[in-house]
Every structure is written in C-alpha cells, then in structure tokens.
Amino acid sequence: MDDAYCETPPPTPAPEDAGPPYAECVLCRKPTEYPESTKGSTLCPVCAWQEAGRTACSG
C-alpha cells in the first residue's frame, strides 16, 4: 500500500493581515467579519451568537 496516500499535509498558518481592516466588536473589542466602514454596531461571531441567545429567550 502506498504510504504517501495516507499522509496529511502540514497545516498552513493563517496570515495575520488577511483582508481589509476589520471593525471592532462593540462588546469585546475583538475584530469582526465586517470592514471598518460598516455603519451601526458590529459584533464578532461569538458576541452575535450570545446576543441571539439572549434575545430568543427573553420573549
């Protein structure tokens, strides 16, 4: 059996500056998925998920 077939390539590190400057989360100050030019309150994925859980349970 060919051993090279089962080998996995080493992971490639993600670049630090990938893409445009991103807006900060209004709650935790981490970078979001949105560019800095986005208007309104921007949330990172974690805070957006937590906020959705809070609003869903407050009905």
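Here the structure is a predicted model, which is why all the values come from computation and not from measurement. (Residues numbered from 1 in each chain as written. Predicted model: local features only at pLDDT ≥ 70, side-chain atom pairs only at ≥ 80, totals over all residues. Heavy atoms only, no water.)

**Student:** Honestly, the side chain of threonine 42 in this entry has me stumped. Any pointers?
**Tutor:** As for its position among the elements, threonine 42 is in the loop between β2 (31-35) and α1 (45-57). In this structure threonine 42 comes out as buried when scored by relative accessible area, which is 6%. Dropping the residues within four chain positions of it, threonine 42 is found in contact with Ala23, Glu24, Cys25, Val26, Thr32 and Tyr34. (Helix = DSSP H or I, 4+ residues; strand = E, 2+ residues; numbered from the N terminus. Buried < 20%, exposed > 50% of the residue type's maximum accessible area, 1.4 Å probe, protein only. Contact = heavy atoms within 4.5 Å.)

**Student:** What is the right way to read the confidence of the model for the protein chain from this model?
**Tutor:** Low pLDDT means the predicted coordinates in that region are not meant to be read closely. Per-residue confidence for the protein chain gives a mean pLDDT of 82, with 76% of residues at or over 70. Taking the mean pLDDT of every element in the protein chain, the minimum, 90, falls on α1 and the maximum, 92, on strand β1 (residues 22-24). (pLDDT = per-residue confidence, 0-100.)

**Student:** Any chance you could explain the environment of cysteine 47 here in plain terms?
**Tutor:** Mapped onto the secondary structure, cysteine 47 falls in helix α1. For the pair cysteine 47 and threonine 32, spaced 15 residues apart in sequence, the C-alpha separation works out to 9.8 Å. Contacts of cysteine 47, omitting those with residues within four sequence positions, involve Cys25, Leu27 and Cys28.

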